[in-house]
Amino acid sequence: MFTSIAGRSVVVTGSSKGIGKGMARVFASKGARVLVVARDQAAAQKCADEIKAAGGQAAAVSADVTKWEDMQRMADAAVKQHGGIDVLCANAGIFPAAKLADMAVETWDEVLATNLKGMFLSIKACLPAMKKKKGRIVITSSITGPITGLPGWTAYGTSKAGQLGFLHTAALELAPHNITVNAVMPGNVMTEGLEGLGAEYLKKMTDSVPLRRLGAVEDIGHAALFFASDEAAYITGQTLVIDGGQVLPESLTAIEEMGT
Ligand code: NAP
């Protein structure tokens, strides 16, 4: 039985939908007070309202992770409304696809500004409040970049691998403050965005996963919850792959040999 995290203040960037929303829901379902963060105020508020309707505690703030002032305002909102910051899920990310030769320079910059610099800014802004608590930082990286490749996603893969470079040194710097820094590495997770790609695409993706289903956003939320728990207090600078075994097959044959 894990120690309760009820009443803890949790900030989740990029939580109006997708994985971040799953994280927000999981933390709220365990009694945490969640700050839902996204640029679209209405979407963030809708997520917070849904959490409250389900009996949880949540507030919403519109903030852009690429803007330092916004991240400071986000941290201030968590402190004012929820009494501090115990947990930050640095989750906001974008993944526009473009092959290397065709990629606009602006696309490269936008991906790194959001996924890499945005992660840094959100963490930096929350640090003063987290130093007063047993801080927990959970970064949403990916299998794409650190482990696998996917044509069209050089910028994205760079940003997700870069997050792990950050992780190792940040964990060292923050250890004296009892703040742990870990990363979840999702495989293909069923989000609103993925649904739009069509049944055939989803079937192909599902067929490449040994556990024969795409991840649910709650699968990633539960991994983040573990890193945020008291029981994970001695784990820092580490990663957890949550992918249904997706990175395991060494070839298509390996998948075929598994049978149905
Ligand atoms: P998603 O469904 O597109 O949701 C992205 C969230 O981030 C939204 O709430 C969006 O709201 C917010 N966001 C985007 N840019 C932002 C910015 N500049 N400032 C603040 N919020 C911003 O994405 P997802 O699939 O859940 O992905 C979430 C994270 O998981 C990303 O870091 C991604 O790399 C990672 N990941 C996803 C998968 C997957 O299969 N889905 C797999 C591995 C890793 P606004 O647009 O309103 O700001």
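In short, a report on the structure. These numbers were taken from a predicted model, which means no experiment stands behind them. Every residue gets a number counted from 1 within its own chain, in the order that chain's sequence is written. Under the rules for a predicted model, residues below a pLDDT of 70 receive no local features and side-chain atom pairs below 80 are neither given nor counted, while totals for whole chains, interfaces and linings still include all residues. In computing side-chain values, all of the structure's heavy atoms are included and hydrogens and water are not.

### Examining the overall build of the protein chain
Argument step 1. Think of it this way: any DSSP run of H or I at least four residues long counts as a helix, any run of E at least two long counts as a strand, and we number them from the N terminus. Along the protein chain, the regular secondary structure elements total 9 helices and 7 strands.
Argument step 2. For a compact globule the rule gives 2.2 Å times the number of residues to the power 0.38, and the radius of gyration it is set against comes from C-alpha atoms. Taking 2.2 N^0.38 as the reference for a compact globule, 260 residues should give roughly 18 Å; the C-alpha atoms of the protein chain span a radius of gyration of 18 Å, in line with that estimate.
Argument step 3. The principal-axis extent of the C-alpha atoms belonging to the protein chain is close to 55 × 45 × 40 Å.
Argument step 4. Here the protein chain holds 260 residues, and the buried ones make up 49% of them.
Argument step 5. It only takes one pair of heavy atoms within 4.5 Å for two residues to be counted as in contact. In the protein chain, the share of contacts with a sequence separation of at least 24, taken over all contacts with a separation of at least 6, comes to 72%.
Argument step 6. What sets the accessible areas is the Shrake-Rupley method with a 1.4 Å probe; for residues, cover comes only from the shown protein chains. Here the protein chain displays about 12500 Å² of accessible surface, and carbon together with sulfur accounts for 57% of that area. In this scheme, a residue with accessible area under 20% of its type's maximum is buried, one over 50% is exposed, and one in between is partly exposed, where area comes from a 1.4 Å probe on protein chains only.

### What to know about the site of the ligand
Argument step 1. A single heavy atom is enough: if one lies within 4 Å of a molecule or strand, its residue is considered near that molecule or strand. Taken together, 28 residues lie around the ligand, and Ser16, Ile19, Arg39, Asn91 and Tyr156 are the ones closest in.
Argument step 2. Two N or O atoms count as a polar contact when they lie within 3.5 Å, although within protein this holds only if one can serve as hydrogen donor and the other as acceptor, and sequence-adjacent residues are included solely when both atoms are side-chain atoms. Between the ligand and the protein, one listed contact pairs an oxygen atom with a side-chain N or O atom of tyrosine 156 at 2.5 Å.
Argument step 3. Calculation on the ligand without its partners gives an accessible area of 880 Å², and the protein chains cover 91% of this total.
Argument step 4. Here a cavity denotes a set of grid points, spaced 1 Å apart and computed over the protein atoms alone, in which a 1.4 Å probe fits but from which it cannot get out, and a pocket denotes an open set meeting protein on both sides within 12 Å along at least five of seven lines; residues with an atom within 4 Å of a point are reported as lining. A molecule is said to be in a cavity or pocket once over half of its atoms fall within 2 Å of that pocket's grid points. Of the pockets mapped on this structure, the ligand occupies the largest pocket.
Argument step 5. Listed by contribution, the elements that provide at least two residues to the shell around the ligand are α1 (18–29) and α5 (154–174).
Argument step 6. Any residue outside Ala, Val, Leu, Ile, Met, Phe, Trp, Tyr, Cys, Pro, Asp, Glu, Lys and Arg is labelled polar, Gly included; the first ten of those are nonpolar and the last four are charged. Taken together, the residues of the shell around the ligand sort by class into 10 nonpolar, 13 polar and 5 charged.

### Considerations on the side chain of aspartate 86
Argument step 1. Mapped onto the elements of the fold, aspartate 86 is located in the loop between α3 (68–82) and β4 (87–90).
Argument step 2. A polar side-chain atom of aspartate 86 sits 2.7 Å from the main-chain amide nitrogen of serine 9.
Argument step 3. Those residues in contact with aspartate 86, other than ones at most four positions away along the chain, are Arg8, Ser9, Met130, Lys133, Lys134, Gly135 and Arg136.

### A word on the packing of α3 against helix α4 (residues 105–130)
Argument step 1. For every element, the axis is a line fit to its C-alpha atoms; helices are fit only across the contacting stretch, and the angle between N-to-C directions ranges from 0 to 180 degrees. The geometry of α3 relative to α4 is characterised by a closest axis approach of 9 Å and an angle of 35 degrees between their N-to-C directions. Regarding α3 and α4, the two cross each other, and that crossing is right-handed. Residues Trp68, Met71, Gln72, Met74, Ala75 and Val79 of α3 pack against Leu121, Ser122, Lys124, Ala125, Cys126 and Ala129 of α4.
Argument step 2. Split into classes, the residues belonging to the contact of α3 with α4 amount to 9 nonpolar, 2 polar and 1 charged. Working rule for handedness: look at the near helix, and if it is turned counterclockwise from the far one by less than a right angle, call the crossing left-handed; if clockwise, right-handed.

Functional significance is not addressed by these values, which are geometric in nature.
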